[in-house]
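Single-letter residue listing:
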Amino acid sequence: MRATMIHGTRDIRVEDRPEPEVRLPGDAVVRVTAACVCGSDLWPYRGVRATEEPHPIGHEFVGVVEAVGDDVTVVKVGDFVVAPWAISCGECPPCRNGVQVACEHRAAWGGSDEQGLPVDGGQGERVRVPLANGTLVPVPGVADPDEALTKSLLTLSDVMGTGHHAAVAAQVGPGRSVVVVGDGAVGLCAVLAAKRLGAERIIAMSRHEDRAAIARQFGATDVVAERGKDAAEKVRSILGGVLADSVLECVGTKESMEQAFACTRPGGSLGFVGVPAGGAELPIGTLFSKNISVGGGAASTREYLPELLEDVLSGAINPGLVFDSVMALEDAPEAYRAMDERRATKVMLVPAGAQQ
């Protein structure tokens, strides 16, 4: 089969890889119909995180189950499924507490499972899914979704659930004012999540008109292009002299976290989901003096999938709009370049034979 491999800084290749097969009773094999490049994939691509040796990459995909092990009961051959970005057993204490990212038996896409067996990356034609019962989510009544629905289902593997996690961590709810720091796919989905949870005023921070337009479509009432102190003052002006009740940090840099704190009112809440890329430690003095609550971290998108899936299937939300480019799997190197150069917000990759 064909699959995407990362060899080093800005070195992405699509190569021949062994066909996956069921190797353990809890495995499933999924034929990928769509995958995508995540903003977090850009950290190793840019060399911010070192790639010690070539390995498969990608952790977001949807597709059709082709084979299952003897212990698999949640999905069956022929089911269309969403694969969350984190593999999880669904039975250990962290999983039962809704923190599947901390699963005690977690394997890693593009890495290995608990038995040391290799696990495929999501950006390929097929994937062996360990712990299929706890990981995969079947999509009821859907066998062959069109491109628009495929895009929205694909966001549930990561970015929509991650944006939702930021909103939940920041205590977004009816009547709250919200600032979203970051206009990538996660930030845009965070805007949609805030709207879905009933926020009254939603301020998106963006300097890109195409992304700002999506933010407005998702429910942003205001867009702020300023940065630093100027941005905080603009937020204060928009909100009638106060800062935001809830701030959602969706980037992962020192600058984005500082911006998030600068926009949070005393007694407010900050939810952070940006994958850390050398950011500063939390400012304990600021937290103490302003009584700011901080929550978030890696999102357990498996926990949120059922409720978000229901809203996607009903048409209540359409997070697939974050995809502004669709490319063949063979064009994965260009997909990475396009996102790295901000020529694309998020790229969907379609394996050969799976084109809509």
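As a reminder, the structure under discussion sits directly above these lines.
Everything quoted here is computed from the prediction, not taken from an experiment.

*Asks:* Residues and numbers for the overall build of the chain, please.
*Replies:* Secondary structure assignment for the chain yields 12 helices and 16 strands. Here the chain has a C-alpha radius of gyration of 20 Å; the compact-globule value for 356 residues is 21 Å, and the two agree. Taking as baseline every contact in the chain between residues at least 6 positions apart, the subset at least 24 positions apart corresponds to 67%. Considering the chain, the positive charge centre built from 33 side chains and the negative charge centre built from 47 side chains are found 7 Å apart.

*Asks:* Help me get a handle on the sheet that holds strand S11 (residues 222-224), residues and values and all.
*Replies:* The sheet built from 6 strands is open, its strands ordered S11-S10-S9-S12-S13-S14 with parallel pairing. Single-partner strands in this sheet number two, and they are S11 and strand S14 (293-296). Pairwise comparison of adjacent strand axes, ignoring direction, gives a mean angle of 20 degrees for this sheet. Across 3 bridges, strand S10 (residues 201-205) lies against S11 in parallel orientation.

*Asks:* Now, about the sheet that holds strand S4 (residues 55-56): what can you tell me, with residues and values included?
*Replies:* Taken in spatial order, the 3 strands line up as S2-S1-S4 in an open sheet, and their pairing is antiparallel. Pairing within the sheet leaves two strands with one partner each, and these edge strands are strand S2 (11-16) and S4. In this sheet, S4 lies alongside strand S1 (residues 2-8) in antiparallel orientation, the contact comprising 2 bridges. Counted as the bridge partner of Met5 is Pro56 from S4. Its contacts with the sheet place helix H12 (residues 332-340) against S1 and S2, and it is angled at close to 160 degrees to S2.

*Asks:* Residues and numbers for the packing of helix H4 (residues 147-155) against helix H11 (residues 301-314), please.
*Replies:* Running from N to C, H4 and H11 point in directions that differ by 165 degrees, and their axes come no closer than 10 Å. One element, H4, and the other, H11, form an angle in the roughly antiparallel class. For the element pair H4 and H11, the recorded crossing hand is right-handed. In this structure, H4 uses Leu149, Ser152 and Leu153 to contact H11, whose residues at the interface are Leu309, Val312 and Leu313.

*Asks:* Residues and numbers for the side chain of Asp79, please.
*Replies:* Along the chain, Asp79 turns up in the loop between strand S5 (61-68) and strand S6 (80-83). Among the polar contacts made by the side chain of Asp79, one reaches the side chain of Lys76 at a distance of 3.0 Å. Discounting chain neighbours no more than four positions away, the residues touching Asp79 are Gly63, Val64, Val65, Val74 and Pro138.

*Asks:* Residues and numbers for the packing of aromatic side chains, please.
*Replies:* Tallying each qualifying case throughout the model produces 2 aromatic pairs. Their ring planes at 40 degrees and their centres at 5.3 Å tell us that Tyr45 and Tyr336 sit as a pair that is tilted. Of the two residues, Tyr45 sits in helix H1 (residues 42-46) while Tyr336 sits in helix H12, which places them 291 residues apart along the sequence. Neither residue differs from the other here; Tyr45 and Tyr336 are each classed as buried. Pairing Phe61 with Trp109 gives two aromatic rings, centres 5.1 Å apart and planes at 80 degrees, and the pair type is edge-to-face. Of the two residues, Phe61 sits in strand S5 while Trp109 sits in the loop between helix H2 (93-96) and strand S7 (126-129), which places them 48 residues apart along the sequence.

*Asks:* An account of the pairing of S2 is requested, with residue identities and associated values reported.
*Replies:* With 6 bridges joining them, S1 and S2 adopt antiparallel strand pairing. Across the sheet, the residue bridging to Ile6 is Ile12, located in S2. Between S1 and S2, which pair antiparallel one after the other, the connecting turn spans 2 residues, and Arg10 there sits at a positive phi close to 55 degrees.

*Asks:* Tell me about unusual backbone geometry, residues and numbers included.
*Replies:* Phi at Arg10 is positive, roughly 55 degrees, even though this residue is not glycine. Relative to the helices and strands, Arg10 resides in the loop between S1 and S2. Non-glycine residue Leu131 carries a positive phi angle of around 50 degrees. If you trace the backbone, Leu131 turns up in the loop between S7 and helix H3 (132-135). Given the relative accessible area of 28%, Leu131 is considered partly exposed.

*Asks:* Can you explain the nonpolar core? Please cite residues and give values.
*Replies:* By size, the foremost hydrophobic cluster in this structure holds 50 residues, and its most contacted members are Leu153, Leu156, Met160, Val172, Leu248 and Cys250. With 9 residues, the single largest contributor to this core is helix H6 (residues 185-196). Contact partners of Leu248, with chain neighbours within four places excluded, come to Gly163, Ala166, Ala167, Ala170, Val172, Val178, Val179, Val180, Val181, Ala190 and Gly271. Core analysis: the second largest hydrophobic core is formed by 20 residues, Ala232, Phe261, Cys263 and Leu287 among them.

*Asks:* How would you summarise the packing of H6 against helix H7 (residues 209-218) if you had to cite specific residues and measurements?
*Replies:* Relative orientation of the contacting elements H6 and H7 amounts to 15 degrees, with a least axis distance of 8 Å. Overall, the two elements H6 and H7 adopt an arrangement that is roughly parallel. Viewed along their axes, H6 and H7 form a crossing whose handedness is right-handed. Judged by residue contacts, Leu188, Val191, Leu192 and Lys195 of H6 engage Arg211, Ile214, Ala215 and Phe218 from H7. Its residues assigned to classes, the contact of H6 with H7 shows 6 nonpolar, no polar and 2 charged.

*Asks:* Pulling in residues and values, what's your account of the side chain of Thr301?
*Replies:* Looking at the element boundaries, Thr301 is found in helix H11. Residue classification places Thr301 among the buried residues on the basis of a relative accessible area of 2%.

Quick notes on the rules
Residues numbered from 1 in each chain as written. Predicted model: local features only at pLDDT ≥ 70, side-chain atom pairs only at ≥ 80, totals over all residues. Heavy atoms only, no water. Helix = DSSP H or I, 4+ residues; strand = E, 2+ residues; numbered from the N terminus. Rg over C-alpha atoms; globule rule 2.2 N^0.38 Å. Contact = heavy atoms within 4.5 Å. Lys, Arg positive; Asp, Glu negative; His and termini not counted. Charge placed at Lys NZ, Arg CZ, Asp CG, Glu CD. Pairing = 2+ DSSP bridges. Axes fitted to C-alpha atoms, helices over the stretch in contact; angles between N-to-C directions. Parallel < 35°, antiparallel > 145°, perpendicular 65-115°, else oblique. Left-handed = near helix turned anticlockwise from the far one by under 90°. Polar contact = N/O pair within 3.5 Å; in protein donor to acceptor, adjacent residues only side chain to side chain. Phe/Tyr/Trp six-rings, centres within 6.5 Å; stacked < 30°, edge-to-face > 60°. Buried < 20%, exposed > 50% of the residue type's maximum accessible area, 1.4 Å probe, protein only. Core = buried A, V, L, I, M, F, W, Y, C linked by side-chain atoms within 4.5 Å. Nonpolar A, V, L, I, M, F, W, Y, C, P; charged D, E, K, R; others polar.

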